[in-house]
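Listed here are the chains, written in short residue letters.
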Amino acid sequence: MAIVLSGGAVLTVNSTDDFLPAADIRVEGDTISAIGAAGSLAQPGDTLIDCSEALIAPGLVNVHTHAATAFYRGMAEDRPREFWSAGYAMPGQERFTVEDHVFSVRAACAEFLLNGVTCIADRLGNMDRIAPAIEQSGIRAVVGHSLVDARAPADWKTAHAVLERFGTDPRRRVFAGIAPHALDTCSDDLLKECARQADRTGARVFLHVAQNEPEVAVVRRRGHDGALACLVETGLATSNTVAAHAIYLSDAEFEAWPTYGIAIAHCPASNLKIEARTLPLAQLVGRVPIGLGTDWTASNNSMDMLVEARLAALVGKMRADDPQALPVGQMVRMLTIDGARVLGLDGLIGSIEAGKRADLVVFDANRLETTPAHDPMANLIYSMGPRSVRDVLVDGAILVRDGKLVRGDEAALARRHRTHGRPPS
């Protein structure tokens, strides 16, 4: 028995960006088995989902987040840069236990799914406890346990436990990466060990790079000529590394960056909120793999990837001083196939093609913000939002149907999240 999404308009985001005004998508198991004319693919016994008044797109890919910190939404607003660079600690966060964070990640994954996000790259401490809850949500994820040795030896025991539990094979719905925290909180020796462990295990490396000025100053005091030089000298300047933020690189570093093929996780809302700064996106796009991320709810209260794309495009146009920069098609790709490429998943997800995994989002075309449909890609980037999301599939499993969670109740999750996140009286 298969699932057939029938008669929908389809943004394939394939190599030629084909748009299908009305088509069927047949899903067998976890895979898209066929794409055909509207009304042509259903067979007796199939589950048929009418998409004749809907837009179908690849699932949205979030290449950088810390989902278990959803409790931190609204805990630190309008703070100076120095507040964040002092260690990214939230006032009152000490009251949250590991169990609280495990629950918070359940709520966050549900929110991501309701927003059309089907894949996340997530890293935090205690990932051995947090990652199983991510797996249970049904979302696709690459997970990493944060490694730091600024004040104590790095916790390789937990990192190895996560690697052993989830493996590094991207064909698994949840798999593991290696996650040194940042260039200033990790010594050169730890960064070099991360590079060695990545070579040994085949894992991708995820770390924060040039996210604030004090970080770059620490790197320079260690004798490196900037963040990029630190990555080069520690063996992490490779296409296997995903650098989050990268907003305090010099002009020379931005120019040299594509030489190494280091992927970038661009988090415009977070960067603008806490640093009032962002990437020169138009200068880099097309030259290195770049995907979009929400970061955490302390520095970006929203988990809405469509907002990230909109901000990235508009601020990117401003920085480039060019309204033709970063066209809508490019931004749709950044949300989907380019994000998948950053995570090494572009052979599996990120576009709607036969043989790829069935990570799909169905947007309701009867919402006012989706009409008229002169340019469906422009609607997706500039007018649509989470309320437009109707159905979500990950690996062929229906996780959101008619705007509601299949594996849980949103109102119940919200009530519990509100109660757990309430400050003590």
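Sequence order sets the numbering: in each chain, residues are counted from 1 along the sequence as written. Predicted model: local features are reported for residues with pLDDT of at least 70 only, side-chain atom pairs are reported and counted for 80 or more only, and whole-chain, interface and lining totals are derived from all residues. In computing side-chain properties, one takes all heavy atoms of the structure into account and sets aside hydrogens as well as water.

1. Quick notes on the overall build of the chain
So, step 1. Each helix and strand counted, the chain has 15 helices and 18 strands in total.
So, step 2. Taken over C-alpha atoms, the radius of gyration is set against a globule rule of 2.2 Å times the number of residues to the power 0.38. On C-alpha atoms alone, the chain measures out to a radius of gyration of 21 Å, which is about the 22 Å that the 2.2 N^0.38 rule sets for 425 residues.
So, step 3. For the chain, the spread of C-alpha atoms along the principal axes amounts to about 65 × 50 × 45 Å.
So, step 4. Remark: exposure states derive from per-residue accessible area (1.4 Å probe, protein chains only) relative to the maximum for the residue type, with buried under 20%, exposed over 50%, and partly exposed in between. Counting every position in the chain, which comprises 425 residues, the buried fraction comes to 58%. The helix and strand labels rest on DSSP assignments: H or I over at least four residues marks a helix, E over at least two residues marks a strand, and numbering proceeds from the N terminus.

2. Some thoughts on helix H9 (residues 268-275)
So, step 1. The buried fraction of H9 amounts to six of the eight residues, a majority that puts the element mostly inside the structure.
So, step 2. When H9 is considered as a whole, its buried residues turn out to be Pro268, Ala269, Ser270, Asn271, Ile274 and Glu275.
So, step 3. Two residues form a contact once any of their heavy atoms are found within 4.5 Å. Those residues of H9 that are buried lie in contact with helix H1 (81-85), strand S12 (241-245), strand S13 (263-266), strand S14 (290-292) and helix H11 (305-320).
So, step 4. Just past H9, the residue Ala276 takes up positive phi, approximately 50°.

3. Considerations on the pairing of S13
Remark: a regular strand shows side chains that alternate across the two faces of the sheet.
So, step 1. Burial along S13 is two-sided: the residues Ala263 and Ala265 and Ile264 and His266 are all buried.
So, step 2. In the sheet, S12 pairs with S13 via three bridges, with the strands oriented parallel. Among the inter-strand pairings, Val242 is bridged to a residue of S13, identified as Ala263.
So, step 3. With its strands directed away from the observer, a crossover is right-handed exactly when the path from the first strand over the helix to the second travels clockwise. Running through helix H8 (residues 251-256), the crossover from S12 to the neighbouring parallel element S13 is right-handed.
So, step 4. The pairing criterion for strands is at least two bridges between them, as found by DSSP. Looking at chain direction, S13 and S14 are connected through three bridges and run parallel. Bridge assignment links Ile264 to a residue of S14, and that residue is Ile290.

4. Some words on the packing of aromatic side chains
So, step 1. Between the rings of Phe, Tyr and Trp (Trp by its six-membered ring), a pair exists once the centres lie within 6.5 Å; its type follows the angle of the planes, with under 30 degrees stacked, over 60 edge-to-face, and the other angles tilted. By the definition in use, this model includes six aromatic pairs.
So, step 2. Ring centres of Phe83 and Trp84 lie 5.1 Å apart, and the angle between their planes is 90°; this geometry places the pair in the edge-to-face category.
So, step 3. Residue Phe83 is classed as buried on the basis of its relative accessible area, which comes to 19%.
So, step 4. A ring pair is formed by Trp84 and Tyr88, whose centres lie 6.4 Å apart and whose planes are at 45°; its orientation type is tilted. Of the two residues examined, Trp84 and Tyr88, each falls in the buried class.
So, step 5. Joined through ring pairs, the aromatic side chains of Phe71, Tyr72, Phe83, Trp84, Tyr88, Phe96 and Trp296 make up one cluster.
So, step 6. The ring centre of Phe166 lies 4.3 Å from the NZ or CZ of Arg165, which sits over that ring. Lysine and arginine charges are scored as sitting over a ring when NZ or CZ, respectively, is within 6 Å of the ring centre and within 35 degrees of the ring normal.

5. Thoughts on the side chain of Asp395
So, step 1. Along the chain, Asp395 turns up in the loop between strand S16 (389-394) and strand S17 (397-401).
So, step 2. For Asp395, a relative accessible area of 18% corresponds to the buried category.
So, step 3. Engagement of the side chain of Asp395 in a polar contact is seen with the side chain of Arg357, the distance being 3.3 Å.
So, step 4. Not counting the four nearest positions on each side in its chain, Asp395 is found in contact with Gly29, Asp30, Arg140, Arg173, Arg357, Ala358 and Asp359. Identification of polar contacts relies on pairs of N or O atoms within 3.5 Å, with a donor-acceptor requirement for protein atoms, meaning one able to donate a hydrogen and the other able to accept it, and with residues adjacent in sequence counted only if both atoms are side-chain atoms.

6. Considerations on the environment of Asp155
So, step 1. Along the chain, the position of Asp155 falls in the loop between strand S8 (140-147) and helix H4 (156-166).
So, step 2. Excluding anything up to four places from it in sequence, Asp155 contacts His145 and Leu147.
So, step 3. Side-chain polar atoms of Asp155 contact the side chain of His145, separated by 3.0 Å.

7. Concerning the sheet that holds S12
So, step 1. Spatial strand order, S11-S12-S13-S14: four strands in an open sheet with parallel pairing. Two strands close off the open sheet at either side, each with one partner strand: strand S11 (205-209) and S14. Adjacent strand axes in the sheet meet at a mean angle of 30° when their direction is disregarded. Axis definition: a line fitted to C-alpha atoms, limited for helices to the stretch in contact. Angles are taken between N-to-C directions and run from 0 to 180 degrees.

8. As for the environment of Gly261
So, step 1. Following the sequence through the fold, Gly261 ends up in the loop between H8 and S13.
So, step 2. Spatially, the C-alpha atom of Gly261 lies 21 Å from that of Asp188, the residues being 73 residues apart in sequence.
So, step 3. In this structure Gly261 touches Thr238, Ser239 and Pro289, once residues within four positions along its chain are discounted.

9. With respect to the pattern of salt bridges
So, step 1. The working definition used for a salt bridge is a side-chain nitrogen of Lys or Arg within 4 Å of a carboxyl oxygen of Asp or Glu. Counted under the stated rule, the structure contains 24 salt bridges.
So, step 2. Note that Asp395 is salt-bridged to Arg140, the shortest N-O span being 2.6 Å. Within this pair, whereas Asp395 is found in the loop between S16 and S17, its partner Arg140 is found in strand S8, the two being separated by 255 residues in sequence.
So, step 3. Judged by relative accessible area, Arg140 falls into the buried class, the value being 0%.
So, step 4. Salt-bridge contacts for Asp395 lead to Arg357; the nearest nitrogen and oxygen are separated by 3.3 Å. Taken as a pair, Asp395 in the loop between S16 and S17 and Arg357 in the loop between helix H13 (337-342) and strand S15 (360-364) lie far apart in primary sequence, 38 residues in all. Comparing Asp395 with Arg357, the two get one shared label, buried.
So, step 5. Through salt bridges with shared partners, a single network forms among Asp30, Arg140, Arg357, Asp359 and Asp395.

10. Here's the deal with the state of the cysteines
So, step 1. Defined by distance alone, a disulfide is two cysteine sulfur atoms within 2.5 Å. Taken as a whole and judged by the stated rule, the model has zero disulfides.
So, step 2. For Cys186, which is in no disulfide, the shortest distance to another cysteine sulfur is to Cys194 and amounts to 6.2 Å.
So, step 3. By relative accessible area, Cys186 is classed as buried at 1%.

11. A closer look at the nonpolar core
So, step 1. Definition used in this section: a nonpolar core is a set of buried Ala, Val, Leu, Ile, Met, Phe, Trp, Tyr and Cys residues joined via side-chain atoms within 4.5 Å. If you look at the biggest cluster of nonpolar residues, it comprises 98 residues, and the most contacted ones within it are Ile134 and Trp257.
So, step 2. With eight residues, helix H2 (residues 98-114) is the single largest residue contributor to this core.
So, step 3. Beyond its immediate stretch of four places on either side in the chain, Trp257 contacts Val209, Leu228, Leu231, Ala243, Leu249, Ile262, Ile264 and Val288.
So, step 4. Among the nonpolar cores identified, the runner-up in size contains 17 residues, and Ala121, Ala244, Ala265 and Ile349 belong to it.

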